[in-house]
Amino acid sequence: MILMNDFKSEPEQLKADMLAAVQRVISSGWYVLGDEGKAFEKRWARTCDTLHGVGVGNGLDAIEISLRALDIGKGDEVITTSMTAFATVLAIYRAGATPVLADIHPGTALMDLGSVKRCLSKKTKAIVLVHLYGQLDQMDEWLALCKQQSLHLIEDCAQAHLAKYRGKVAGSMGVAGAYSFYPTKNLGALGDAGMLVTNDNDLANRAARLRNYGQSERYLHPEVGMNSRLDEIQAAMLSVRLDWLEGFTEQRRKIAREYKEGLSNNQIKLLDFPEDEASHVYHLYVITSSRRKEMMNHLQEKGVQSLIHYPISIHHQKPCEQIQIDPQGLRNTERHSETCLSLPCHPAMTDAEVQQVISAVNSFK
Ligand SMILES: *Cc1c(COP(=O)(O)O)cnc(C)c1O
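These remarks concern the structure in this document.

## Quick look at the site of the ligand
Around the ligand lies a shell of 13 residues, among which G59, D156, Q159, S180 and K185 are the nearest. At 2.9 Å, a backbone N or O of L60 approaches an oxygen atom of the ligand. One nitrogen or oxygen atom from the side chain of S180 is found 2.6 Å from an oxygen atom belonging to the ligand. Isolated, the ligand exposes 380 Å² of accessible area, and the fraction of that covered by the protein chains is 89%. Of all elements in the fold, only α3 (59-69) and α4 (86-94) reach the threshold of two or more residues within the shell around the ligand. Along the lines of polarity and charge, the residues of the shell around the ligand split into five nonpolar, six polar and two charged.

Below, the structure is given as structure tokens:
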């Protein structure tokens, strides 16, 4: 079976390097908020072209802490997309703010500018822009809108490690970038981990405080924080895996190119291909089909796993029954959630496996 993620078939060298790094941490005798974490924060911030990186427990917390560090909370509205991981919207709820959901562009499934404009109100304080599937698009327009409306732009970079828009790295354009290093992300730990990156000194300091009980110095707590720290073992794993990330990202792009060239079946549609390859890191390779369920069964029979991102959009989730949405509705989101299908696209795939996926899709009648 060709899996969506296959950690067992990762390179032996990578596994050996991770084991050595675990040993290094054990020998150090220091497990939370130490040198490994600091070193990885520095490295990831440098990779993102930002001044600061604040390691946190996961991607959800990276978004919540970004909002809280900007004093966004009760009474404030934050606009984001309904086509995202639940964590994006959960972070807004947890910060105490009110999420408002905009529609997507049908060709990319990324949040739609026109829809966001319809969601604006006097209470809007921020936009959480999700670089869905690993793609950055229209960043100049998003930055211009936020500037014009005096809104904070927070980038949800959980799927977009190393994606670049006109030379700028994901997370470096908004006031903060929130990364997840959940194992299946393009850069993943061996457990939960996340980071907030920013060029804003005050925001970085506040975030570092919030992740650690709101503690400013030992046993002094000027505000109510949380416990969301990046531990030393995960930081060490991430340092090792970061050495492989560029190569892995190229591999994902290569698979995407082969899919683009090879996939040919009038039962499916491909999403728009980006003009600039650097702007997409293919966390997920997504197609659409109005006969999705049959296609999934067919792929399964041909030994190919597939998944749906996402089958139930946020505004249809139970806790979101009352959620505010674009007054014109979320038509493109509804359609996408009914038709989208993610094909395997990970760096451990062999050329033969990529061809097997292509044949499997193309043989669907
Ligand atoms: C994975 C993901 C998150 C949440 O990250 P966790 O580390 O699982 O908390 C948030 N947003 C998006 C778009 C994601 O894909």
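## A closer look at the side chain of Q159
Its location among the elements puts Q159 in the loop between β5 (152-156) and β6 (164-165). Within the structure, Q159 has its side chain in polar contact with the backbone nitrogen of Y133 (distance 2.6 Å). Here Y310 takes part through its side chain, which lies 3.0 Å from a polar atom of the side chain of Q159.

## Description of the sheet that holds strand β2 (residues 77-81)
The mixed open sheet is built from eight strands, whose spatial order is β1-β9-β8-β5-β4-β2-β3-β12. Edge strands, defined here as strands with exactly one partner in the open sheet, are β1 (52-56) and β12 (324-325). In terms of strand pairing, β5 meets strand β8 (residues 176-180) through three bridges, oriented parallel. Among the inter-strand pairings, D156 is bridged to a residue of β8, identified as A178. Its contacts with the sheet put α3 on β1, β2, β4 (124-130), β5, β8 and β9 (194-198), and the angle it makes with β8 is roughly 160 degrees.

## Observations regarding the packing of helix α1 (residues 12-28) against helix α8 (residues 232-262)
Where α1 contacts α8, the two axes come as close as 8 Å, and the packing angle between them is 155 degrees. With respect to α8, the axis of α1 lies roughly antiparallel. Every pair of crossing elements has a handedness; the one defined by α1 and α8 is right-handed. Of the residues in α8, those touching α1 at Q13, L14, D17, M18, A21, V22, R24 and V25 are E232, I233, A236, M237, V240, R241, W244 and F248. Split into classes, the residues belonging to the contact of α1 with α8 amount to 11 nonpolar, one polar and four charged.

What counts and what doesn't
- Residues numbered from 1 in each chain as written.
- Predicted model: local features only at pLDDT ≥ 70, side-chain atom pairs only at ≥ 80, totals over all residues.
- Heavy atoms only, no water.
- Near = heavy atom within 4 Å.
- Polar contact = N/O pair within 3.5 Å; in protein donor to acceptor, adjacent residues only side chain to side chain.
- Areas by Shrake-Rupley, 256 points an atom, 1.4 Å probe, with all protein chains shown as cover.
- Helix = DSSP H or I, 4+ residues; strand = E, 2+ residues; numbered from the N terminus.
- Nonpolar A, V, L, I, M, F, W, Y, C, P; charged D, E, K, R; others polar.
- Pairing = 2+ DSSP bridges.
- Contact = heavy atoms within 4.5 Å.
- Axes fitted to C-alpha atoms, helices over the stretch in contact; angles between N-to-C directions.
- Parallel < 35°, antiparallel > 145°, perpendicular 65-115°, else oblique.
- Left-handed = near helix turned anticlockwise from the far one by under 90°.

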